[in-house]
Amino acid sequence: MYDPRQRPLALRLLAAGFTIAEVNRQTGIPTSTLGNWKKHPEKAANHTPPLCPRCHDQAIDPAAYSYLFGLYLGDGHPARQRNGVHRLEIACSDTWPGLIDAAAEAVGAVLTSRVGRRQKPGCTMVGSYSTHWPCLFPQHGPGMKHTRKIELAGWQREIVDERTEEFVRGLIHSDGCRVTNRVRKRLGGGDRWYEYPRYNFANVSLDIQGLFTDALDRLGIAWRQMNEKNISVAKREAVARLDEFVGPKY
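Residues numbered from 1 in each chain as written. Predicted model: local features only at pLDDT ≥ 70, side-chain atom pairs only at ≥ 80, totals over all residues. Heavy atoms only, no water.

Focus on helix H10 (residues 206-219)
With 14 residues, H10 should reach 20 Å at 1.5 Å per residue; the first-to-last C-alpha distance of 20 Å fits that figure. Regarding H10, the residues found buried are Ile208, Gln209, Leu211, Phe212, Thr213, Ala215, Leu216 and Leu219. Positioned one or two residues after H10, Gly220 has a phi angle of 70°, which is positive. (Helix = DSSP H or I, 4+ residues; strand = E, 2+ residues; numbered from the N terminus. Expected span 1.5 Å × (residues − 1). Buried < 20%, exposed > 50% of the residue type's maximum accessible area, 1.4 Å probe, protein only.)

Some remarks on the environment of Val107
By the element assignment, Val107 lies in helix H6 (residues 97-110). Placed 38 residues apart in sequence, Val107 and Lys145 show a C-alpha to C-alpha distance of 20 Å. For Val107, the contacting residues outside a window of four places in its chain are Leu68, Leu88, Val115, Val126, Ser128 and Trp133. (Contact = heavy atoms within 4.5 Å.)

With respect to the environment of Leu219
Residue placement: Leu219 occurs in helix H10. Note on Leu219: relative accessible area 18%, which makes it buried. Separated by 55 residues in the primary sequence, Leu219 and Thr164 place their C-alpha atoms 7.6 Å from one another. If near-sequence neighbours (up to four positions away) are discounted, Leu219 is found in contact with Thr164, Glu165, Val168, Arg241 and Phe245.

Let's talk about the domain arrangement of the protein
Looking at the assigned domains, one finds that the protein contains domain 1 (4-46), domain 2 (62-149) and domain 3 (174-246). Between the C-alpha centres of domain 2 and domain 3 the distance comes to 26 Å. On the domain 3 side, the residues contacting the nine residues of domain 2 number eight residues. For the pairing of domain 2 and domain 3, the buried interface totals around 640 Å² over both sides, and the portion due to carbon and sulfur atoms is 59%. (Domains from an automatic or database assignment. Buried area = accessible area lost by both parts, 1.4 Å probe.)

This is the structure:
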């Protein structure tokens, strides 16, 4: 990891003829990176890595982050690569191409780096490389999320409280859905079917369930625990409220 603000200085020193070892001593940038820049100066000059909002006191897009955080808690993880770099990946079903585009847009808005899409059977992995994804998602850790404690940092709590609708939207886009529920009522003249829309959210992590229901409470949206991992929003006014900013996946 190195400070991206040292990049212009390093490029100037390399162009002036300084050795890679000397530029490394002055900037702290790895010699392997400097060697690549010296070999391909035109590529190095045309690409400026993003600054981490947490490490460099940069503004963060609260709406994009809150939505992306919801996606991450359901279907995301930053996988460690070589040299301390992490690839954030959000698994998006190919059934909903609009969700794939929304995830890619959020990734780019939170940390303005290159966003890629990797195809897997039935889904698209939306991802981006950076050394700073663990800074933005401190919940990252070994094992499945439901096997460890998930709690928000203070700065995350402020964003989620401010942009609760986007957070709920991200959670539902990852681990929820809007469905039509059909209920049969037996009558003397025959069975009668009733249909009504509802939202379902399913996650085995009690901590993530709590983040979801706390967010619904802040928005005044009624919910009900169906079983140990499923939460339902079925009251007409509650569904209508979610429809205002979530709606069906697309």
